[in-house]
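Close look at the chain arrangement
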Amino acid sequence: HIKTNHIQSRHEQIKTLLWYFIVIIIGFGSLWGFVGHFFMSDSVASSIGWTTGSPFQIELAFYHLGIAVAGILCIWYRDTLWSGVVIIKSIFLYGAAYVHIKEIIINQNYSLSNTGSVLIGDILFPSILIFLLVIYSRGEKSR
């Protein structure tokens, strides 16, 4: 009998995909968010079209650090943290999308970091994460 590392079931495929999304996008992506908002806060603020020097950037950096640590911990604490991490990050990203859209409408802020791939990611990533989590959870319940 030859052992293969191929994931056979759809449930295991969803679980693996969800795990990668949580660890890479939430964990390491948020770690990058921390670096930007903490060490390059004025540069990040300028790229979004915001005023520089706000202490809010540092507060936002620590949000990113907290969710990064939780996302990276999902490497070892898989199912136990997943829902909470996905919910927290999704609310943040949908909220960020709301702020970006409001900035576009009210202040005509078309800065690169306020529109385009940033805005698309703020809507697309949480939608994918929630979809995968729901499909995975349904598969767990039927097992």
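Residues numbered from 1 in each chain as written. Predicted model: local features only at pLDDT ≥ 70, side-chain atom pairs only at ≥ 80, totals over all residues. Heavy atoms only, no water.

Our next topic: a nonpolar patch on the surface. A cluster of nonpolar side chains, namely Tyr94, Ile101, Ile105, Ile106, Ile123, Ile130 and Val134, defines an oily patch on the protein surface of about 580 Å² accessible area. Of all the secondary structure elements, the ones that give two or more residues to the nonpolar patch are helix 4 (78-107) and helix 5 (117-142). Relative to the elements of secondary structure, Val134 occurs in helix 5. (Patch = residues over 30% accessible without salt bridge, like charges linked within 9 Å, V, L, I, M, F, W, Y side chains within 5 Å. Areas by Shrake-Rupley, 256 points an atom, 1.4 Å probe, with all protein chains shown as cover. Salt bridge = Lys/Arg side-chain N within 4 Å of Asp/Glu carboxyl O. Helix = DSSP H or I, 4+ residues; strand = E, 2+ residues; numbered from the N terminus.)

A separate point is the packing of aromatic side chains. Considering all chains together, one arrives at 8 aromatic pairs under this definition. Arranged with centres 5.0 Å apart and planes meeting at 85 degrees, the rings of Trp19 and Tyr20 form a pair that is edge-to-face. Using a relative accessible area of 43% as the deciding quantity, one classes Tyr20 as partly exposed. Ring centres of Trp82 and Tyr136 lie 5.2 Å apart, and the angle between their planes is 50 degrees; on these two criteria the pair is classed as tilted. Note that Trp82 is positioned in helix 4 and Tyr136 in helix 5, a separation of 54 residues in sequence. (Phe/Tyr/Trp six-rings, centres within 6.5 Å; stacked < 30°, edge-to-face > 60°. Buried < 20%, exposed > 50% of the residue type's maximum accessible area, 1.4 Å probe, protein only.)

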